[in-house]
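Overview (structure and organization)
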Amino acid sequence: MNRIVNVILCAAAPVIALAQVERGDTLQVERGDTVPSYMLPTERVDNAIAPSFEPLPAMDYTPEYRRSLASLANRWRIYGVDVPTAGVADIASWSGGGLYASGSSMSMPGMMGVESGALSFRQDFGRLTFTGSVTATKYGYFRGLQTGYGFNGSLTYRISDRWSVTAFGAYSTGLTPMTPAMAGYMGAPSFGGYASYDINDHWGISVGAQATKSLVTNQWEAQPIVEPYYRINKDVKIGVNVGGILYNVVKDYMDKKNHGGSPVMAPPRPGPPPVAPRR
């Protein structure tokens with residue numbers, strides 16, 4: 001009996017092994033009207049008709065246009081008034097001067113949004129340079145909108161390669177800030193002048209004074225101009241006016257000296273409470 005079982009197992013072993021061998025998928029989908037379209041194999045896209053994408057050519061600005069942008073960004077910074085220099089367009093240019101248009105926008109969440117545009121003019125007369133601009137600015141805030149117009153001008157005379165003097169003035173139509181913080185970003189009438197000295201090829205300093213009409217008190221306030229600057233090239237320099245900071249530091253020191261200390265009331269002294277004498 002055992003011999004018969006062994007013979008049967010030996011004969012069935014090749015069949016079992018053949019059944020366990022994995023075969024590839026040989027299913028073929030035949031085209032026909034009865035086969036849905038989504039079950040048909042996808043056709044290979046011919047590379048000859050496949051869409052191709054090429055990058056756009058880079059903008060090639062002329063050297064004259066680059067110099068005009070750099071010169072405008074440097075020369076149209078008037079103390080007390082921020083003339084926008086973002087988005088500058090060269091309308092017309094000639095020997096020693098040009099006409100430009102510019103526009104900018106600034107968002108200050110929680111306070112207001114500012115959108116401004118300017119039409120600027122510049123002309124060189126040898127050592128003398130005149131600049132002027134007309135600006136229009138919109139101030140949008142919570143349930144309110146104000147529009148201000150300004151006229152700015154400056155006159156610069158180069159005494160030597162290192163010395164120069166500048167006089168400037170600005171006028172803006174009346175604006176009413178909703179909060180004192182908004183007043184610092186709104187255009188206000190101002191005038192003044194300063195002298196600039198180039199210490200070396202890169203470093204220099206401008207010293208002068210300016211008077212600005214406050215939009216909060218409606219009074220003229222005078223402050224010094226002290227601006228160290230770093231000159232990147234002939235037409236571009238970066239500077240920070242610290243005159244207002246120095247002015248307030250000196251003013252605070254003089255107030256404390258004249259009034260004998262801080263105007264804030266001192267805290268009460270410790271001890272028993274005062275008792276009025278008996279009558």
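Residues numbered from 1 in each chain as written. Predicted model: local features only at pLDDT ≥ 70, side-chain atom pairs only at ≥ 80, totals over all residues. Heavy atoms only, no water.

**Here we look at the overall build of the protein**
The test is simple: Helix and strand assignments come from DSSP, with helices taken as H or I runs of at least 4 residues and strands as E runs of at least 2, each series counted from the N terminus. Burial here depends on accessible area, computed with a 1.4 Å probe over protein chains only, as a share of the maximum for the residue type. Under 20% is buried, over 50% is exposed, and the range in between is partly exposed. Note on contacts: a residue pair qualifies if any of its non-hydrogen atoms lie within 4.5 Å across the two residues. Surface exposure here means Shrake-Rupley accessible area, sampled with a 1.4 Å probe, where a residue is shielded only by the protein chains that are shown.
Scanning the protein for helices and strands turns up 4 helices and 12 strands. Here the protein, with 279 residues, has 24% of them falling under the buried criterion. Across the protein, contacts joining residues at least 24 apart in sequence account for 42% of those joining residues at least 6 apart. Carbon and sulfur atoms provide 61% of the accessible area of the protein, an area that totals close to 20,800 Å².

**As for the side chain of Ser214**
As for its placement among the helices and strands, Ser214 is situated in the loop between β10 (203-213) and β11 (220-231). Ignoring sequence-local partners within four residues, the contact set of Ser214 consists of Gln219 and Glu221.

**What to know about a nonpolar patch on the surface**
Stated formally: Like-charged residues are merged into a patch within 9 Å and nonpolar side chains (Val, Leu, Ile, Met, Phe, Trp, Tyr) within 5 Å, provided each residue has over 30% relative accessible area and no salt bridge. Salt bridge, as used here, is a side-chain nitrogen of Lys or Arg placed within 4 Å of a carboxyl oxygen of Asp or Glu.
Taken together, the side chains of Ile199, Trp203, Ile205, Val207, Tyr230, Ile232 and Ile238 define a hydrophobic patch exposed on the protein surface, amounting to about 650 Å² of accessible area. For the nonpolar patch, the element with the highest residue contribution is β10, accounting for 3 residues. Structurally, Ile238 can be placed in strand β12 (residues 237-239).

**Digging into the nonpolar core**
Rules: Only buried Ala, Val, Leu, Ile, Met, Phe, Trp, Tyr and Cys residues count toward a nonpolar core, and they belong to the same one when joined by side-chain atoms within 4.5 Å.
Grouped together as the largest cluster of nonpolar side chains are 8 residues: Met108, Met112, Val114, Tyr139, Tyr141, Leu175, Met182 and Met186. Filtering out sequence-adjacent residues up to four positions away, Tyr139 remains in contact with Met112, Gly113, Val114, Gly144, Leu145, Gln146, Leu175, Tyr185, Met186 and Gly187.

**With respect to unusual backbone geometry**
Phi is positive for Asn218, close to 60°, though the residue is something other than glycine. Among the structural elements, Asn218 can be located in the loop between β10 and β11. By relative accessible area, which is 54% here, Asn218 ends up exposed.

**A closer look at the packing of aromatic side chains**
Aromatic ring pairs are defined here through the distance separating the ring centres and the angle between the ring planes. Selection rule: Only Phe, Tyr and Trp rings are paired, with Trp represented by its six-membered ring, and only when their centres lie within 6.5 Å; those with planes under 30 degrees apart are stacked, over 60 edge-to-face, the remainder tilted.
Taken as a whole and judged by the stated rule, the model has 6 aromatic pairs. Ring geometry for Phe121 versus Phe130: centroids 6.3 Å apart, planes at 55°, classification tilted. Since its relative accessible area comes to 30%, Phe121 is described here as partly exposed. Where Trp163 meets Tyr197, the ring centres are 4.8 Å apart and the plane angle is 40°; that geometry is what we call tilted. Taken together, the residues Trp163 in strand β8 (residues 163-172) and Tyr197 in strand β9 (residues 190-198) connect sequence positions 34 residues apart. We classify Trp163 as partly exposed; its relative accessible area is 43%. An aromatic cluster is defined as three or more aromatic residues linked by ring pairs; in this entry it consists of Trp94, Phe121 and Phe130.

**Focus on the pattern of salt bridges**
For the structure shown, the criterion picks out 3 salt bridges. One salt bridge in this structure joins Arg231 and Asp198, with 3.5 Å as the shortest N-O distance. With Arg231 in strand β11 and Asp198 in strand β9, this residue pair connects regions lying 33 residues apart in the sequence. The two residues Arg231 and Asp198 agree in class, both being buried. A salt bridge links Asp252 to Lys256, with the shortest nitrogen-to-oxygen separation between them at 3.5 Å. Of this pair, Asp252 and Lys256 are both found in helix α4 (residues 243-259), 4 residues apart, which corresponds to roughly one turn of the helix. Judged by its relative accessible area of 39%, Asp252 falls in the partly exposed class.

Worth remembering: the numbers are spatial, not functional.
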